[in-house]
Amino acid sequence: MAAERIDQIIENVRSLPPLPAAVEKVIRMADNPEVDPNEMAIIIHNDSSLTARILRVANSSFFGLSRTVGTVSQAIMILGFQGVKNLALGMSVLDRLQPRQRTSSLPIEDIWRHSMAVASAARMMTARTGLSEPEEAFVAGLLHDMGKLVLMNNFGEEWELLLEIDRAQEKRLYQLEKEAFGMDHAEVGFVLCEHWNIPAKMSRIIAEHHLPPKRKQTVGEEDVLCYAVQAGNSMAKIAQIGSSGDSHVEGTLLEIVDSEKLTKEGLRQILLALPEEVSKTEAFLKMGSAKETLTQEEKTKPPAIALIVEDDGEREILAMSLLSMGYSLVNFQRSHDGDTRLVAVIADKSISPSSIEELEQRGVPVLDLLEWKKESHTEGKASMHIPSLRSWLKSKLAHY
Ligand SMILES: [Fe+2]
Ligand SMILES: [Fe+2]
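Cut-offs used in this document
Along each chain, the written sequence defines residue order, and numbers are assigned to residues from 1. Whichever chain is written first is A, and whichever ligand is written first is 1; the rest continue in order. Per-residue local features of the predicted model are confined to residues with pLDDT of at least 70, and side-chain atom pairs are confined, for both listing and counting, to 80 or more; whole-chain, interface and lining totals are unaffected and use all residues. Elements are defined by DSSP. Helices are runs of H or I of four residues or more, strands are runs of E of two residues or more, and each kind is numbered from the N terminus. Three exposure classes are used. Buried residues have 20 or more other C-beta atoms within 10 Å of their own C-beta, exposed residues have 12 or fewer, and partly exposed residues fall in between, all C-beta atoms being placed from the backbone. At least two DSSP bridges between two strands are needed for those strands to be called paired. We call two residues in contact whenever the C-beta atoms placed from their backbones are within 7 Å. Orientation is described by lines fitted to C-alpha atoms, with helices fitted over the stretch in contact, and by angles between N-to-C directions that extend from 0 to 180 degrees. When describing relative orientation, an angle under 35 degrees is termed roughly parallel and one over 145 degrees roughly antiparallel, while 65 to 115 degrees is termed roughly perpendicular and anything else oblique. Side-chain classes are defined by residue name, with Ala, Val, Leu, Ile, Met, Phe, Trp, Tyr, Cys and Pro counting as nonpolar, Asp, Glu, Lys and Arg as charged, and the others, Gly among them, as polar. One number per residue, pLDDT, summarises how confident the predictor is, and it ranges from 0 to 100. Convention used here: a crossover is right-handed provided that the path from the first strand, over the helix, to the second strand proceeds clockwise when the strands point away from the viewer. Handedness of a crossing is defined here by the sense of rotation of the near helix relative to the far one, left-handed for an anticlockwise turn of less than a right angle and right-handed for a clockwise turn.

A.B. asks: What is the right way to look at unusual backbone geometry in this model?
C.D. replies: Most peptide bonds are trans, and most residues other than glycine sit at a negative phi. The phi dihedral of asparagine 197 falls on the positive side, at around 50 degrees, and the residue is not glycine. Secondary-structure assignment places asparagine 197 in the loop between α10 (185-195) and α11 (200-207). Classification of asparagine 197 as partly exposed rests on a count of 14 C-beta atoms within 10 Å. The backbone of glutamine 240 shows a phi angle near 50 degrees, a positive value even though the residue is not glycine. Residue placement: glutamine 240 occurs in the loop between α12 (221-238) and α13 (264-288). Owing to 10 C-beta atoms within 10 Å, glutamine 240 belongs among the exposed residues under this scheme.

A.B. asks: Explain the sheet that holds strand β4 (residues 366-368) to me, please; I cannot follow it from the model alone.
C.D. replies: What holds strands together in a sheet is hydrogen bonding between their backbones, with the strands either parallel or antiparallel. On the basis of which strands lie adjacent, the open sheet formed by four strands has the order β2-β1-β3-β4 and parallel pairing. Sheet topology places β2 (328-329) and β4 at the edges, where each strand pairs with a single neighbour. Pairing between strand β1 (residues 304-308) and strand β3 (residues 342-347): five bridges, direction parallel. Residue alanine 306 lies in a different strand from β3, and its bridge partner there is valine 345. Contacts from helix α16 (residues 312-324) reach β1, β2 and β3 within the one sheet, and its direction differs from that of β1 by about 170 degrees.

A.B. asks: Would you mind showing me how to read the environment of serine 234 here?
C.D. replies: Locating serine 234 in the fold gives a position in helix α12. For the pair formed by serine 234 and valine 249, sequence separation is 15 residues and the distance between their alpha carbons is 5.4 Å.

A.B. asks: Which parts of the structure should I look at to understand the packing of helix α8 (residues 147-168) against α10?
C.D. replies: Between two packed helices, what matters for the description is the angle formed by their axes and the separation of those axes. As a packed pair, α8 and α10 sit with axes 7 Å apart at the nearest point and diverge in direction by 100 degrees. Judged by the inter-axis angle, α8 sits roughly perpendicular to α10. Facing Gly147, Lys148, Val150 and Leu151 of α8, the residues of α10 in contact are His185, Ala186, Glu187, Val188, Gly189 and Leu192. A class-by-class count of the residues in the contact of α8 with α10 yields five nonpolar, three polar and two charged.

A.B. asks: It is not clear to me how the confidence of the model for the protein chain should be interpreted in this structure. Could you clarify?
C.D. replies: Residues with a pLDDT of 70 or more make up 88% of the protein chain, whose mean pLDDT is 82. Mean pLDDT across the elements of the protein chain bottoms out in helix α14 (residues 290-293) (38) and peaks in α10 (95).

A.B. asks: Could you clarify how one ought to interpret the pairing of β3 in this entry?
C.D. replies: Sheet faces and side chains relate simply in a regular strand, where the side chains alternate between the two faces. Of all the six residues making up β3, five are buried; the element is thus mostly covered by neighbouring parts of the structure. Examined bridge by bridge, β3 and β4 share three bridges and lie parallel to one another. What sits directly across from valine 345, in β4, is valine 366. The parallel pair β3 and β4, bridged by helix α17 (residues 353-362), forms a crossover whose chirality is right-handed.

A.B. asks: Can you walk me through the packing of helix α2 (residues 21-30) against helix α5 (residues 72-96) in this structure?
C.D. replies: Their axes nearest at 9 Å, the elements α2 and α5 cross at an angle of 150 degrees. Overall, the two elements α2 and α5 adopt an arrangement that is roughly antiparallel. As α2 runs across α5, the sense of the crossing is left-handed. Of the residues in α5, those touching α2 at Val23, Val26, Ile27 and Ala30 are Phe81, Gln82, Val84, Lys85, Ala88, Leu89 and Ser92. Looking at the contact of α2 with α5 residue by residue, the class counts come to eight nonpolar, two polar and one charged.

A.B. asks: Help me understand the pairing of β1 in this model?
C.D. replies: Most of β1 is tucked away, with four of its five residues classed as buried. Here β1 runs beside β2; their pairing, made up of two bridges, is parallel. Across the sheet, the residue bridging to isoleucine 305 is leucine 329, located in β2. After leaving β1, the chain enters α16 and then returns to the sheet as β2, a path that is right-handed.

Here it is, written out as structure tokens:
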């Protein structure tokens, strides 16, 4: 049974849309010191939504900068490659992890609030040690529990039941998850990292956030980030900001204290500063949500879909359904145009490998209409069942 459940989890992760092509490129470029900042700015400019978000977050109280950041090039100069990379990564992952089911005893907002507290604490800790990138620690903290959303979406009530056991017993939530589903949320988080090509350093922090810390003598820079997230996890629980569904705190909290840079007193100051820091990061999260970050121009420009459908009549029914759902239509050949917001291609015939590759690079999925026909037993029939078509479209286009 465990093997089946692991397969189900992995399949679910694979069905999540990839990160936008621009974000993947920014992640790759950020670790290459040879990259020209202008080159990175051009990549970001090609994605208008990413551009708007980076500028808004750069100008928010989150960074507390004294001057206005007006252009992407300025944002790169002020925040650095790593800062911009982490912003782009954090925001696009949040976009893609929307809950399909809601748990009644643990609202999703509580999990994100907990994650924000972990992120803020980890950021403050690494800023004090000066050893690691504070923004890297922030994003790792923000994403550390993201595997829980996949478990929640797949196992709903059953996962919720584990929260009750965690509350009542000695066993920790991640141990209960492993027993019930064959994987715990940290491992699921790692699968998500692999799916989205999230850099190895961050994947490791997410995967290992429930492992016991190593001995202090062998600590490297990467370990500092791991510790910061682990200690941040404990502090968020102690300060009771949000809720993670896991009510235990390990006694290893003080493992991170081993230099004058981060003393016990320093940790306490961070704990006390946490509530205010979290309210600043809430602005970051709001800006990470797709619906709230659309610019005026984007609001008036509905997301576009291209149809590659053999039969004229079927194509028209599909087109009208999409229009009535608030999408616009675009000719596939003309969808390369800079100002078209192409979000998906729906096809029932083959597309050339070069087009597929190009769509993949742009992060545009191709939805197979034949899949719906099979599911709805419409194959070979002259009519299309509209409620079933619309609900298929809705489920496939939920992220756009
Ligand atoms: Fe966790
Ligand atoms: Fe956590």
